[in-house]
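# Report on the structure
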Amino acid sequence: MAQPLAERLRPRTLDEYIGQEHLVGEGAVLRKMIDAGRISSFILWGPPGVGKTTLAQIIAHKLETPFYTLSAVTSGVKDVRDVIEKAQKGRFFNEASPILFIDEIHRFSKSQQDSLLGAVEKGIVTLIGATTENPSFEVIRPLLSRCQLYVLKSLEKDDLIKLLDRAITQDVILKEKSIIIKETGALLRFSGGDARKLLNILELVVEAEPSGEPIAITDELVVSRLQQNPLAYDKDGEMHYDIISAFIKSIRGSDPDAALYWLARMIEGGEDPQFIARRLVISASEDIGLANPNALLLANAAFDAVMKIGWPEGRIPLAEATVYLATSPKSNSAYLGVDAALALVRQTGNQPVPLPIRNAPTELMKELGYHDGYQYPHDFPGHFTLQQYMPDALVNERLWHGQHNPTEEKMYQRMVNYWGKRYED
């Protein structure tokens, strides 16, 4: 039986690898390390089908070092220890550390991750983890601190079209057929930036056509074939990225009925309740924000409740939080504010902290003027006094702009009373 198209086309070298130019393009950080022949432990974070596993395999091949693979779904602490022992015994002096690749590392328990710490710290193995989840939520801090984090992006349109061309011209099976890709819209839309899904769809469409006849791939043909095979292109529940997007957008759009519907779709589909709960916490911060600060408290409470009680009762606090967030007033002023601040920092660099608000734990610092002139706001009426907190070069910058909801109107008016013209929009 032939391998699936996605496996047949798996790149073997960086020159064959498509996408992620910010990591493996000429002069990029991972490319430099690979070319130098030494890499440090790192975690690859990105959506499915963007080349995490492939990149790890290419690195191991390029460095000519032993390569061990564990799946967090099927491996326990004993499996981790067995691999570490093999790596330790098989390594020769001055050789590069063997690579231990852990797929779906976010599914490893705390004890499993703890069992990796010593080996990573001592250089017995070089860890490459792959995850579709935010590592700051799922990877323990001591392990995360020992690894670089690299973010992989969904493949761009040009990357996907290049992959399609490679498939029909270089694959040992497809190149023997007469395939013309007339339209790519449906292929790209259904793939969602996932290379594996794109190749699965292409293979499904091609295999459904009569053998020996030319195949013209159009949007209509792709939609038709996928409707006949609704699960064939969405293995392992990868459609959850589309559904979670619909869920969050329904909350953002203040539609509790749609939000509950998409919540039910995720529950029925076997989605991880922690995944849903985390998205509610993010939505409470990003979309409701200061318009209703209690939303974040309730979302966090729902997260804690789900962790304590699990399924099936966990659906109830998730539904409560979902309805509360969907029916809450909305504001993204904090989200926009921090992004504006990050952009300003990147543009202006490391501006010096004004002397009055510097810390002065030593006599030398006091002599240099650190903390000199600082006015303690609680010593003044209304617990406020005018003084400079921004760097000299940025003293007039505005980053937070209150939005039009009752809570933020009060905040904004307070700032106008304190700062005067600086806050008069």
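Above this text sits the structure in question.
Moving on to the pairing of strand β3 (residues 99–103). Most of β3 sits inside the fold, with four of its five residues counted as buried. Pairing of strand β2 (residues 67–71) with β3 involves five bridges; the strand directions are parallel. Counted as the bridge partner of T69 is F101 from β3. In this structure, β3 lies alongside strand β4 (residues 126–131), joined through five bridges in parallel fashion. From the neighbouring strand, L100 faces β4, where its bridge partner is L127. This β-α-β element, β3 to helix α6 (residues 110–122) to β4, shows right-handed connectivity.

This next bit is on the packing of aromatic side chains. Each aromatic ring pair is specified by the distance between its two centres and by the angle formed by the two planes. This model, assessed by the stated rule, comprises five aromatic pairs. Taking 5.4 Å as the distance between ring centres and 65° as the angle between the ring planes, the aromatic pair formed by F42 and Y150 counts as edge-to-face. With F42 in strand β1 (residues 42–45) and Y150 in strand β5 (residues 148–151), the pair connects residues that are 108 residues apart, well separated along the chain. A relative accessible area of 8% places Y150 in the buried class. Geometrically, the ring pair formed by Y261 and W262 is edge-to-face, given 4.8 Å between the ring centres and 75° between the ring planes. An aromatic cluster of three or more residues is present, and its members are F384, Y418 and W419. Its guanidinium or amino end placed over the ring of W419, R422 lies 4.7 Å from that ring's centre, counting from NZ or CZ.

Bringing the pattern of salt bridges into the picture now. Applying the stated criterion across every chain, the model contains 14 salt bridges. Between K78 and D82 there is a salt bridge whose closest N-O contact spans 3.0 Å. Of the two residues, K78 and D82 both sit in helix α5 (residues 77–90), four residues apart, roughly one turn of that helix. As a salt-bridge pair, R252 and E286 come within 3.7 Å of each other at their nearest N and O atoms. Placement of R252 in helix α13 (residues 240–252) and of E286 in helix α15 (residues 273–288) is noted, with a sequence separation of 34 residues between them. The network of salt bridges with common partners includes D15, E26, R31 and D35.

Another aspect to go through is the packing of helix α16 (residues 294–309) against helix α17 (residues 315–327). Two quantities define a packed helix pair, namely the angle between the axes and the distance from one axis to the other. The interhelical angle for the contact between α16 and α17, taken along N-to-C directions, is 165°, at an axis separation of 9 Å. By the angle between their directions, the pair α16 and α17 is classed as roughly antiparallel. You can see that α16 and α17 cross each other, and the crossing is left-handed. Listed contacts from α17 to N294, A295, L298, A302, A305, V306 and I309 of α16 are P317, L318, E320, A321, Y324 and L325. A per-class count over the contact of α16 with α17 returns 11 nonpolar, one polar and one charged.

Quick look at the sheet that holds β2 now. Spatial strand order, β2-β3-β4-β1-β5: five strands in an open sheet with parallel pairing. For this open sheet the edge positions go to β2 and β5, each flanked by a neighbour on one side alone. With direction set aside, neighbouring strand axes in the sheet form an average angle of 20°. Lying on the sheet, helix α4 (residues 52–63) is in contact with β1, β2, β3 and β4; it crosses β3 at an angle near 170°.

With that settled, the discussion passes to helix α11 (residues 195–207). Relative to the 18 Å expected for 13 residues at 1.5 Å per residue, α11 spans 18 Å between its end C-alpha atoms, a close match to the ideal helical length. Of all 13 residues making up α11, 11 are buried, and the element is well covered by its neighbours. For α11, every residue scored as buried is listed here: A195, K197, L198, L199, N200, I201, L202, E203, L204, V205 and V206. With a side-chain oxygen positioned 2.9 Å from the backbone nitrogen of R196, the residue opening α11 is D194.

On to the nonpolar core, then. In this structure, L202, I217 and V222 are the most contacted members of the largest nonpolar core, which totals 28 residues. Taken together, the elements giving at least two residues each to this core come down to α1 (5–8), α9 (157–170), α10 (185–191), α11, β7 (215–217) and α12 (219–228). By residue number, the principal contributor to this core is α11, which donates eight residues. With sequence-adjacent residues up to four places away left out, L202 is seen in contact with L5, L164, A167, I168, L174, L187 and I217.

So, about the side chain of S115. Mapping S115 onto the fold places it in helix α6. Residue S115 is classed as buried on the basis of its relative accessible area of 15%. A polar contact of 2.5 Å, which involves the side chain of S115, links it to the backbone oxygen of Q112.

Positioned with a positive phi, E64 is a non-glycine residue whose angle comes to about 50°. Position of E64 relative to the elements: it lies in the loop between α4 and β2. Although it is not a glycine, E104 sits at a positive phi angle of roughly 55°. With respect to the element layout, E104 can be found in the loop between β3 and α6.

Attention now goes to the side chain of H106. By the element assignment, H106 lies in the loop between β3 and α6. Engagement of the side chain of H106 in a polar contact is seen with the side chain of T131, the distance being 2.8 Å. In this structure, H106 is in contact with T131, T132, E133 and E138, ignoring residues within four places of it in sequence.

Residue position: E156 is located in the loop between β5 and α9. On the basis of relative accessibility, which here comes to 51%, the residue E156 falls in the exposed class. Remark: the alpha-carbon pair of E156 and G19, spanning 137 residues in sequence, is separated by 7.5 Å.

The rules behind the values
Residues numbered from 1 in each chain as written. Predicted model: local features only at pLDDT ≥ 70, side-chain atom pairs only at ≥ 80, totals over all residues. Heavy atoms only, no water. Buried < 20%, exposed > 50% of the residue type's maximum accessible area, 1.4 Å probe, protein only. Helix = DSSP H or I, 4+ residues; strand = E, 2+ residues; numbered from the N terminus. Pairing = 2+ DSSP bridges. Right-handed = clockwise from strand over helix to strand, strands pointing away. Phe/Tyr/Trp six-rings, centres within 6.5 Å; stacked < 30°, edge-to-face > 60°. Lys NZ or Arg CZ within 6 Å of the ring centre and 35° of its normal. Salt bridge = Lys/Arg side-chain N within 4 Å of Asp/Glu carboxyl O. Axes fitted to C-alpha atoms, helices over the stretch in contact; angles between N-to-C directions. Parallel < 35°, antiparallel > 145°, perpendicular 65-115°, else oblique. Left-handed = near helix turned anticlockwise from the far one by under 90°. Contact = heavy atoms within 4.5 Å. Nonpolar A, V, L, I, M, F, W, Y, C, P; charged D, E, K, R; others polar. Expected span 1.5 Å × (residues − 1). Polar contact = N/O pair within 3.5 Å; in protein donor to acceptor, adjacent residues only side chain to side chain. Core = buried A, V, L, I, M, F, W, Y, C linked by side-chain atoms within 4.5 Å.

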